[in-house]
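Results of the structural survey
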Amino acid sequence: CQHYNVRIAGVIINKVLNEKYEQTKHYLAKALKQAWGVPLLGCIPDRPFLGCPALADLETLFDTKMLSGSEHRYRHYSVRDMTVVTTSLTQFMTTIRKKPHRTLYICHVTRDDLILGFMGEYQRRKKEGKPFEEALIICGRKDRYHLSQNIHDLMAGLGECCIM
């Protein structure tokens, strides 16, 4: 910065460990001011979701919109918890009940059985008062495959169930 005569307005520290947040903020604010006369503008705590895409990011990436559950478009999903579903409905239902609750499933638009199973699991958990943070991305070439009207109609009453 000195070489190019650029004035630094301040510094923001990223990915600060939660248990060291106050200590880091205090120490670095003091050190930056004393050494270079630059203020610490802020510290951003390390959050597990910072490197994980939100459904809104995937909407932009795939140039599409949420079909259901759009109020949760800023929910983040870890890449580790994304699952492409190519199995039978029975195996999928076993999986969805065992995997972590914040899992993003991906299936092909022709798999009405999996889509209905996903919606059914949402309804089951909702009835039991249990949380449902899973999401489903339905994929397929838009010019070749289409979501059946019956499935589309059933999604209308799902409310918070995240389907894209």
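Since the structure is predicted, the reported quantities are computational estimates derived from the model, not experimental observations. Throughout this document, residue positions are counted from 1 along each chain, in the order its sequence is written. pLDDT decides what is reported in this predicted model: residues at 70 or higher carry local features, side-chain atom pairs at 80 or more are listed and counted, and totals for whole chains, interfaces and linings draw on all residues regardless. Only hydrogens and water are set aside; all other atoms, that is, all heavy atoms of the structure, feed into the side-chain values.

1. Here we look at a nonpolar patch on the surface
A cluster of nonpolar side chains, contributed by Ile12, Leu41 and Ile44, occupies part of the molecular surface with about 280 Å² of accessible area. As for its position among the elements, Leu41 is in strand β2 (residues 40-45). Owing to a relative accessible area of 54%, Leu41 belongs among the exposed residues under this scheme. Exposure above 30% relative accessible area and the lack of any salt bridge qualify a residue for a patch; like charges then connect within 9 Å, and the nonpolar side chains Val, Leu, Ile, Met, Phe, Trp and Tyr within 5 Å. Only the protein chains shown count as cover for residues, and the accessible areas themselves come from Shrake-Rupley with a 1.4 Å probe. We define a salt bridge as a contact between a side-chain nitrogen of Lys or Arg and a carboxyl oxygen of Asp or Glu at a distance within 4 Å. To qualify as a helix, a DSSP run of H or I must reach at least 4 residues; to qualify as a strand, a run of E must reach at least 2; elements of each kind are numbered from the N terminus. Three labels apply to residues, based on accessible area from a 1.4 Å probe with only protein chains included: buried if under 20% of the type maximum, exposed if over 50%, partly exposed otherwise in between.

2. Quick look at the packing of helix α3 (residues 89-98) against helix α4 (residues 112-128)
Orientation of α3 relative to α4, taken along the N-to-C sense of each, is 35°, at an axis distance of 10 Å. Here α3 runs over α4; the crossing is right-handed. Touching Leu89, Phe92, Met93, Ile96 and Arg97 of α3 are Asp113, Leu114, Gly117, Phe118, Glu121, Arg124 and Arg125, all from α4. Just so you know the grouping, Ala, Val, Leu, Ile, Met, Phe, Trp, Tyr, Cys and Pro go in nonpolar, Asp, Glu, Lys and Arg go in charged, and all remaining residues, Gly too, go in polar. Taken together, the residues of the contact of α3 with α4 sort by class into 6 nonpolar, 1 polar and 5 charged. Angles run from 0 to 180 degrees between N-to-C directions of axes, and those axes are lines fitted to C-alpha atoms, restricted for helices to the stretch in contact. Throughout, a crossing is termed right-handed when the near helix is turned clockwise from the far one, and left-handed when it is turned anticlockwise from it by less than a right angle. Every residue pair with non-hydrogen atoms within 4.5 Å of one another is taken to be in contact.

3. A few points about the nonpolar core
Nonpolar core, defined: a set of buried Ala, Val, Leu, Ile, Met, Phe, Trp, Tyr and Cys residues in which side-chain atoms within 4.5 Å join the residues together. Counting 20 residues, the largest nonpolar core has Phe92, Ile115, Phe118, Leu136, Met155 and Ile163 as its most contacted members. Of all the secondary-structure elements, those providing two or more residues to this core are α3, β4 (104-108), α4, β5 (135-139) and α5 (149-155). The greatest single-element share of this core, amounting to 5 residues, is contributed by α4.

4. Looking at the packing of aromatic side chains
Pairing of aromatic side chains here covers Phe, Tyr and the six-membered ring of Trp, requires ring centres within 6.5 Å, and sorts the geometry by plane angle: under 30 degrees stacked, over 60 edge-to-face, intermediate tilted. By the definition in use, this model includes 4 aromatic pairs. Arranged with centres 5.2 Å apart and planes meeting at 90°, the rings of Phe92 and Tyr105 form a pair that is edge-to-face. Of this pair, Phe92 sits in helix α3 while Tyr105 sits in strand β4, placing them 13 residues apart in sequence. With a relative accessible area of 0%, Tyr105 lands in the buried category. Ring centres of Tyr122 and Phe132 lie 5.5 Å apart, and the angle between their planes is 75°; this geometry places the pair in the edge-to-face category. Taken together, the residues Tyr122 in helix α4 and Phe132 in the loop between α4 and β5 connect sequence positions 10 residues apart. A residue is classified by how much of its surface remains accessible, and Tyr122, at 5% relative accessible area, is buried. Against the face of Tyr77 rests Arg102, its NZ or CZ located 5.7 Å from the ring centre. For a ring to carry a charge above it, either NZ of a lysine or CZ of an arginine must fall within 6 Å of the ring centroid while also lying within 35 degrees of the normal to the ring plane.

5. Details of the pattern of salt bridges
Enumeration over the complete set of coordinates arrives at 10 salt bridges. Here Arg73 and Glu59 are joined by a salt bridge, their closest N and O atoms 2.8 Å apart. Here Arg73, found in the loop between α2 (55-62) and β3 (82-84), pairs with Glu59, found in helix α2; they are 14 residues apart in sequence, far enough to count as distant. Using a relative accessible area of 6% as the deciding quantity, one classes Glu59 as buried. In this structure, Arg124 and Glu128 form a salt bridge, with 3.1 Å as the shortest nitrogen-oxygen distance. One end of the pair is Arg124 and the other is Glu128, both in helix α4 and 4 residues apart, which spans about a single turn. By relative accessible area, Arg124 is classed as partly exposed at 29%. Judged by its relative accessible area of 42%, Glu128 is partly exposed. The network of salt bridges with common partners includes Arg97, Glu121, Arg124, Arg125, Glu128, Lys130 and Glu134.

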